Amino acid sequence: MKKLALFSLLSMVAFGVSAQVVVETSAYSWHGDTVSQGPFTAVAVSPFEIVSDYSAQPGYYMGIDKQWKLKNDISSYPKLTTPNRLHEAVYNMGLDEMINAVEPDTTLRTGKEWAGVWTRDVSYSILLSMAYLQPEASRISLMKKVDSLGRIIQDTGSGGAWPVSTDRQIWTVAAWEVYKVTGDKEWLKYIYPIIKRSLETDREAFYNTPTGLVRGETSFIDWREQSHPRWMQTADIYNSETLSTSVVHAQAWHVLGEIAEILGHKDVAKDAFAESKKIADAINKSLWLDDKGYYAMYLYGRDNMLTNPRAETLGESLAIMWDIASPERARTITASNPTTPYGAPVFFPQIADMPAYHNNSLWPWVASWWGLANAKAGNEEGVMEAIGSVVRPAALFATNKENLNLDNGDIATELNSSNMLWCLSGNLALTHKILFGIDFRKDGLEFRPFVPKAMAGTRTLDGFKYRDASLDITVSGYGDRIKSFIVNGKEQKDAFIPAKKAKGNMKIEIVMADNEIEPVGINRTPNVKAPLTPIAWLEDTTLVWNPIEYIGKYIIVKDGRKIAETHATTFDASEPGEYQVIGVSGDGVEGFASEPRSTRPQILVELPATMNDKTTVLNIPVEVPAEGDYFVSFRYANGNGPVNTENKCAIRTLSVDGEREGLVVLPQRGRDNWDEFGWTNSVKVHLNAGSNTVTLDFRPEDENMNIETNSAVIDALRLVRN
């Protein structure tokens, strides 16, 4: 009782001394040094202590902390002094938990509940703030994620990882960030062949030539059922073409170009910049949704692809940060991407019959990228709500939590670690990269502070390390324009510190112009669940599906194109094609399309069910009645691992009459499950009338992440006429 009374008193003191509203939504309020959400309150007792009375969902097994109190010595890291005590405390908590995350072997631990170094987690953390706060641990951690063949390691994931999970190139962008921070040319020489080799392999494995996009799983959303319709197998996920992963690859090629230029490889640089532009152009052509004002999350399907029109916050943010979106589109995205009362969701709308984890959640590190993107686009409201969406849970749960349920802001999700590396990294980046505007360039340090009026004041950052310098930085005022930039008492025209001049102690004073930032607005919305996915089947040439309650209408899709709308639950599919149906709610929210059902002519070639390993070459004679385009796929079993983890996805090259046509992916379907068969991705090929030879073989570029085990059973080939 005494502790509760003390907390109440401290809370009231906070209200009395500083009760200015910093951020307020319909769900919570950050006022002065306090965050309030319903009956719950968290207060910064001091810059080194936060106390909360939050109570999580009853019975939730992962629990919460009620208090954060500084544990580690943070004096060697940049010291923040700011008018808002809660901001200062949340920042200090980020530094405190960062020290917890550095393991004895000088690698960065993923989270309290997540041991070890994971490629995407550590890379995104490095990009946010670990490159400059923990440069040595960042470098060592990245080196841990290179395999014996000198390739970037794709973490274990859906269907046995690479090439179903395909976002490993975020390592490339993070490695470049370490160079920009340190200027270490030896590091560039080390990473160059790794990046080049990995990108060239990826280009062969899963770049889709017709669209120019990159195939595979959406970056970081690595639980397949959390972001895909239930009917999608891991082979279907390989076949999808995603926003965030395509953006990562576009930036990775740009990075390779930058490195190649520095190291004098002009031809490589030219090819790399061209590849980067090709992917960026494809994103803008194939994924931009004019009616939504943002990019689509991914293209999906089987023989024919259609658009998943969901917004996906990380992909939208990275497209802005890495200049794939034009400045005009960037502003449109920040004004259009849905923002719930708790912040920007991982994606929107949610999947109604799926629990919260990636689905129906906010991840603070993604929210931090969203804040950075809004600052770059000049969206003041967007910046404030992004910062608030990070500060709210950090204060209420007294730690940097992994993710938050968008229905109520709680931590009751499928898994939820404390001391989460990328979340604490995002927490720190908001201060350094937005309010102080610190931006690392290959030849120096640029300053572009973005200070919303609600955070006006004078704040200092002392002891910020950059190359051979220690910077004491002061930013005063508000706005997005600099009035004066003074270094060691001398005013400079440009807010830039050349790397070669960064020496010793440097005092930087930035006075903002106190200008009103042009309003952009944000798309505030309740958290919305999309309609359920119809289950559809064929009865002769009639497409039939189960009715969905409270539906507004159904959309019929043929060969990836919307062709009709209906309120019935049947449709005439006598015209040959691949059919799907989408449920649409009364207010126009689309769900996922049903599993494709084809009425096109098919040819099935049965094969002996034998184990196919690296030494096996399958030459399959096929007869077709007419010349034309056909979709080729294989029925297979892969019991080398579970559906959702490990790294034993089997991979083979497909050729027709000796000409390479593409990659066939045979993902894991369950540990020791050799009796359950499914279909691979389909590859579109041109066949001549009469006899053709379809070949499956293993080539060096088909090496998976496991290296040792790359096998599957194949018992049939299927041809579908286009």
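Okay, so let's go over this structure.

So, how was this worked out
Residues numbered from 1 in each chain as written. Predicted model: local features only at pLDDT ≥ 70, side-chain atom pairs only at ≥ 80, totals over all residues. Heavy atoms only, no water. Helix = DSSP H or I, 4+ residues; strand = E, 2+ residues; numbered from the N terminus. Expected span 1.5 Å × (residues − 1). Bend = angle between axes of the 7 residues up to and from the residue. Buried < 20%, exposed > 50% of the residue type's maximum accessible area, 1.4 Å probe, protein only. Salt bridge = Lys/Arg side-chain N within 4 Å of Asp/Glu carboxyl O. Contact = heavy atoms within 4.5 Å. Core = buried A, V, L, I, M, F, W, Y, C linked by side-chain atoms within 4.5 Å. Pairing = 2+ DSSP bridges. Axes fitted to C-alpha atoms, helices over the stretch in contact; angles between N-to-C directions. Parallel < 35°, antiparallel > 145°, perpendicular 65-115°, else oblique. Left-handed = near helix turned anticlockwise from the far one by under 90°. Nonpolar A, V, L, I, M, F, W, Y, C, P; charged D, E, K, R; others polar. Phe/Tyr/Trp six-rings, centres within 6.5 Å; stacked < 30°, edge-to-face > 60°. Polar contact = N/O pair within 3.5 Å; in protein donor to acceptor, adjacent residues only side chain to side chain.

**Focus: helix H14 (residues 421-435)**
Point 1. For H14, which comprises 15 residues, the first-to-last C-alpha distance of 21 Å matches the rise-based estimate of 21 Å (1.5 Å per residue) to within 8%.
Point 2. At Ala429, H14 is bent by approximately 35°, the largest bend along its length.
Point 3. Taking burial as the measure, the 15 residues of H14 include 15 buried ones, the bulk of the element.
Point 4. Taken from the residues just after H14, Gly437 is the one with a positive phi, measuring 65°.

**Overview of the pattern of salt bridges**
Opposite charge on two side chains allows them to pair when their charged atoms are near.
Point 1. Inspection of the entire model under this criterion finds 43 salt bridges.
Point 2. Arg230 is the partner of Asp353 in a salt bridge, and the nearest nitrogen-oxygen pair spans 3.3 Å. In this pair, Asp353 is assigned in the loop between strand E16 (350-351) and strand E17 (361-362) and Arg230 in the loop between helix H6 (185-206) and helix H7 (234-239), connecting sequence segments 123 residues apart.
Point 3. The class for Asp353 is partly exposed, based on a relative accessible area of 37%.

**Comments concerning the environment of Ala716**
Point 1. Tracing the backbone shows Ala716 in strand E45 (residues 712-721).
Point 2. The exposure class assigned to Ala716 is buried, which follows from its relative accessible area of 0%.
Point 3. For the pair Ala716 and Asn704, spaced 12 residues apart in sequence, the C-alpha separation works out to 23 Å.
Point 4. Discounting residues that sit within four places of it in the chain, Ala716 has contacts with Leu604, Val605, Glu606, Leu607, Ser633, Phe634, Arg635 and Trp679.

**Re the nonpolar core**
It is characteristic of soluble globular proteins that their nonpolar side chains tend to be buried jointly.
Point 1. Core analysis: the biggest nonpolar cluster contains 187 residues, and Tyr295, Trp365, Phe447, Leu471 and Ile473 have the highest contact counts within it.
Point 2. At 10 residues, the largest contribution of residues to this core is made by helix H8 (residues 243-263).
Point 3. Ranked by size, the runner-up nonpolar core spans 23 residues in total, among them Leu654, Leu666, Val683 and Val685.

**A word on the pairing of strand E43 (residues 683-687)**
Point 1. On E43, burial follows the alternation: Val683, Val685 and Leu687 on one face are buried, whereas Lys684 and His686 on the facing-out side are not.
Point 2. Bridging between strand E39 (residues 628-637) and E43 involves 5 bridges; their strand directions are antiparallel. The residue of E43 that forms the bridge with Asp629 is His686.

**A look at the packing of helix H12 (residues 364-377) against H14**
Point 1. Put simply, H12 and H14 touch, their axes get as near as 7 Å, and they point 20° apart. By the angle between their directions, the pair H12 and H14 is classed as roughly parallel. Seen from above, H12 lies across H14 with left-handed handedness. Residues Pro364, Trp365, Ser368, Gly371, Leu372 and Ala375 of H12 form the contact with H14, whose participating residues are Trp422, Cys423, Gly426, Asn427, Ala429, Leu430, Lys433 and Ile434.
Point 2. A per-class count over the contact of H12 with H14 returns 9 nonpolar, 4 polar and 1 charged.

**Examining the pairing of strand E12 (residues 305-308)**
The side chains of a regular strand alternate, residue by residue, between the two faces of the sheet.
Point 1. Examined bridge by bridge, strand E11 (residues 298-301) and E12 share 4 bridges and lie antiparallel to one another. By the bridge assignment for E12, Tyr298 is matched with Asn308.
Point 2. Following E11, the chain reverses through 3 residues before pairing antiparallel with E12.

**A few points about the packing of aromatic side chains**
Point 1. In this structure the tally under the stated criterion is 29 aromatic pairs.
Point 2. Note on Trp322 and Trp369: the rings are 6.3 Å apart at their centroids and 75° apart in plane angle, and the pair reads as edge-to-face. Of this pair, Trp322 sits in the loop between helix H10 (313-321) and helix H11 (327-336) while Trp369 sits in helix H12; the two residues are 47 residues apart in sequence, bridging distant segments of the chain.
Point 3. The exposure class assigned to Trp322 is buried, which follows from its relative accessible area of 14%.

**Description of the environment of Gly504**
Point 1. Topologically, Gly504 is positioned in strand E26 (residues 503-512).
Point 2. A relative accessible area of 36% places Gly504 in the partly exposed class.
Point 3. Distance from Gly504 to Tyr466, taken between C-alpha atoms, is 9.8 Å for residues 38 residues apart in sequence.

**Here we look at the side chain of Asn515**
Point 1. Along the chain, Asn515 turns up in the loop between E26 and strand E27 (523-524).
Point 2. The class of Asn515 is buried, set by a relative accessible area of 7%.
Point 3. Within the structure, Asn515 has its side chain in polar contact with the backbone nitrogen of Arg481 (distance 3.4 Å).
Point 4. Discounting residues that sit within four places of it in the chain, Asn515 has contacts with Tyr478, Gly479, Asp480 and Arg481.

**Details of unusual backbone geometry**
Point 1. The amide bond that connects Trp162 to the next residue, Pro163, takes the cis arrangement and shows omega of 5°.
Point 2. Within the secondary structure, Pro163 is located in the loop between helix H4 (135-143) and helix H5 (170-182).
Point 3. In this structure, Pro349 follows Phe348 across a cis peptide bond, with omega equal to 0°.
Point 4. Topologically, Pro349 is positioned in the loop between strand E15 (347-348) and E16.
Point 5. Positive phi, normally seen in glycine, also occurs at Asn488, with a value near 50°.
Point 6. Here Asn488 is to be found in the loop between strand E23 (482-487) and strand E24 (490-492).
Point 7. Here the phi dihedral of Tyr550 falls at roughly 60°; this positive angle occurs in a residue that is not glycine.
Point 8. Structurally, Tyr550 can be placed in the loop between strand E30 (542-545) and strand E31 (551-558).

**Description of the sheet that holds E30**
Point 1. Strand order in the open sheet made by the 3 strands is E29-E30-E33, with antiparallel pairing throughout. The sheet is open, and its two edges are formed by strand E29 (536-539) and strand E33 (570-572), each paired on a single side. Adjacent strand axes in the sheet meet at a mean angle of 25° when their direction is disregarded.
Point 2. Two elements, E30 and E33, share 3 bridges in a ladder whose sense is antiparallel. Bridging across to E33, Thr542 finds its partner in Asp572.

**Section: the sheet that holds E11**
Point 1. Spatially, 3 strands are ordered E8-E11-E12 in an open sheet, and the strand pairing comes out antiparallel. The open sheet has two free edges, formed respectively by strand E8 (241-242) and E12, since each of these has just one partner strand.

**Quick notes on the packing of H8 against H10**
Point 1. With their axes 8 Å apart at the nearest point, H8 and H10 run at an angle of 25° to one another. Here H8 is positioned roughly parallel relative to H10, judged by the angle of their axes. Both H8 and H10 take part in a crossing whose hand is left-handed. Residues Leu243, Ser244, Val247 and Val248 of H8 lie in contact with H10, whose contacting residues are Gly315, Glu316, Leu318 and Ala319.
Point 2. Per-class residue counts for the contact of H8 with H10 are 5 nonpolar, 2 polar and 1 charged.

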